[in-house]
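Fold and contact review
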Amino acid sequence: MKKTVVRITGFLLILLMVLAGINRVFKMKYGDGIYSLTKFYEQKKDSVDVLVLGSSHAFENINTGTLWDEYGMASYVLGGSRQPSWNTYYYLKEALKTQRPELIVLEGYMLLYDADYEESSRIIKNNFGLKWSKDKIESIKVSAPKSQWAEYFLEYTQYHTRYRELSREDFLKNQGYRYYDNWKGFGCNLDTIAEVGTDVKQVDEVSPLYGKTEEYYRKILELAREENIPVLVTIAPYFLVDEKSERLFNRVGEIAGEYGDLFLDGNKLVDEIGVDYQVDNADDVGHLNYLGNQKYTKYLGTYIKEHYTVSDRRADAAYESWQKNADYIREMIVNQELKESGDMETISEKLQNPNYWVFISVDDSCNGEDQELQRFLGAAGLGDALQNGFPAGVWLTSQGKILNATGAGTAKIYIRKKPKEFCIQRMAGADGQMENQIICDRVSYRKVDAGINVVVYDLMTEEIEDQFGIDVSDGCRIVR
């Protein structure tokens, strides 16, 4: 009998482990709701000083790296895509189980919401990341009609058929994305779409909020007051704001005042913040890009320092993950600036980044008469080669120093740098002419057929961040 019990117990334990592994692979891992909670649960107890709540207008506009670099604030953006106030309320309840923030920042864009339920994908994103508890059950119940509760309580029914969608990332730690190693919930939007905003500075009329939205907005403020944590309610500026929305935001500010909390409306402070939607807007729904979110976050951070007491953790080794998060965000921005560079002088300067491996392929058809081209190759570390006539071959360089090279003859060199494998080679083609190749994970990178090809690999992000060609037959034009 005892052996039977042991066998059954062992079988059940193995079954549970197998099911847990399957669940880990198959479960949804959206970065705009579910994964922000996954990583939040990994934060050390009572380490988050500034808890940022809200929708994508929070996690795309409030830059945790800037708050750290400029003010030493240990912030975390715990938000979800189009997150209604009721989900924000339960996110706050969940956060307070492990964290005791010095300040809560509530980004209030979704306080415009005027319906009882969001669409299914948003319900999933704003609930499935929560650990099972009474609060998660209540969050699901308030998020969907009663007739749909079973769909969301039995989460596996929502993703058990995902095997068609599974990718390599589903099996890797942090989805194989280095940014998630020290992630603090912020997603830096690197795109730019020029737009023209609406001036709402003079709008002072007030309109009532939707009943359910206001009910849970008040619950958020009441819970924070019970916990004796101040709340800063803010609206990140966005070009799509109109007078109707602004009247609602005015009501948001009034309600914050009822609880003794401060309100900061970025839509009325566009000039003071310095936001220009021609260069600072990311998309057609109104998120700020990497330029705009830095401007807004610096303004927000200064406001916080002037009105609240928030610790500066930059000298505390226990907060190393915030430094690494800030470093990574800065690197993302540097990489974007490189991609947007269009002249060789600027590119040469940016390629001196110590995190870069720069692969340079020079074809035999090139000639060294162009002085700008010579300066570019010299800055890349090929100065000695230029002294012996214009070089041909493939080089790996870093900060103007050659790390490896094929030389002018036939060569095939493998360079392994986990998780990537590179190959630089110079071989005779079918027509007998020498051909250069820069290969990463069996993919050949080449932008121009006759000229110079450059591939930039970032050691921090572990990604190829830029590739371009220099067309020597067309005035050394940069080709991306």
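Cut-offs applied
The numbers attached to residues start from 1 for each chain and follow its sequence in the written order. Residue-level local features of this predicted model are given only where pLDDT is at least 70; pairs of side-chain atoms are given and counted only at 80 or more, and the full residue set underlies all totals for whole chains, interfaces and linings. Values shown for side chains rest on all heavy atoms present in the structure; no hydrogens or waters enter the calculation. By definition, any uninterrupted DSSP run of H or I lasting at least four residues is a helix, any uninterrupted run of E lasting at least two residues is a strand, and each is numbered from the N terminus. Whether a residue is buried, partly exposed or exposed follows from its accessible area with a 1.4 Å probe, protein chains only, as a fraction of its type maximum: under 20%, in between, or over 50%, in that order. Contacts between residues were defined by any pair of non-hydrogen atoms, one from each residue, lying within 4.5 Å. In this description, accessible areas are obtained by the Shrake-Rupley approach with a 1.4 Å probe, and a residue is regarded as covered only by the protein chains that are shown. Stacked, edge-to-face and tilted labels apply to pairs of Phe, Tyr and Trp rings (six-membered ring for Trp) whose centres lie within 6.5 Å, assigned for plane angles under 30 degrees, over 60, and everything in between, in that order. Lysine NZ or arginine CZ positioned within 6 Å of the ring centre and within 35 degrees of the ring normal marks a charge as sitting over the ring. Like charges within 9 Å and nonpolar side chains (Val, Leu, Ile, Met, Phe, Trp, Tyr) within 5 Å are joined into patches, using only residues over 30% in relative accessible area that form no salt bridge. For this document, the term salt bridge refers to a Lys or Arg side-chain nitrogen within 4 Å of an Asp or Glu carboxyl oxygen. Residues counted as positive are Lys and Arg, residues counted as negative are Asp and Glu, and His and the chain ends are not counted. Charged groups are reduced to one reference atom each: NZ for lysine, CZ for arginine, CG for aspartic acid, CD for glutamic acid.

As a further point, take the overall build of the protein. Looking only at helices and strands, the protein features 17 helices and 15 strands. Here the protein holds 480 residues, and 52% of them are scored as buried. In the protein, the proportion of contacts linking residues at least 24 apart, taken out of those at least 6 apart, comes to 72%. When the accessible surface of the protein is summed, it comes to about 22,100 Å², and 49% of that surface belongs to carbon and sulfur atoms.

With respect to the element layout, proline 84 can be found in the loop between strand S2 (75-79) and helix H5 (85-95). It is 8.8 Å that separates the C-alpha atoms of proline 84 and tyrosine 216, two residues lying 132 residues apart in sequence. Among residues more than four places away in sequence, those in contact with proline 84 are Met110, Tyr113, Glu118 and Asn126.

Attention now moves to the environment of tryptophan 132. Note that tryptophan 132 resides in the loop between helix H6 (120-125) and helix H7 (134-143). Separated by 21 residues in the primary sequence, tryptophan 132 and phenylalanine 153 place their C-alpha atoms 9.8 Å from one another.

Another aspect to go through is the packing of aromatic side chains. What the rule picks out here adds up to 20 aromatic pairs. Relative to tryptophan 183, the ring of tyrosine 180 lies with its centre 4.7 Å away and its plane at 55 degrees, an arrangement referred to as tilted. The exposure class assigned to tyrosine 180 is buried, which follows from its relative accessible area of 10%. According to the relative accessible area criterion, tryptophan 183 is buried, its value standing at 4%. Taken together, the ring pairs in this structure connect Tyr35, Tyr179, Tyr180, Trp183 and Tyr328 into an aromatic cluster. Sitting over the ring of tryptophan 322, lysine 184 keeps its end group 3.7 Å from the ring centre. The lysine or arginine in question, lysine 219, covers the ring of tyrosine 89, its NZ or CZ lying 5.8 Å from the ring centre.

This part covers a negative patch on the surface. On the surface, Asp204, Glu205, Asp242 and Glu243 cluster together into a patch of negative charge. Position of aspartate 242 relative to the elements: it lies in the loop between strand S4 (231-235) and helix H11 (243-258). A relative accessible area of 33% means that aspartate 242 is categorised as partly exposed.

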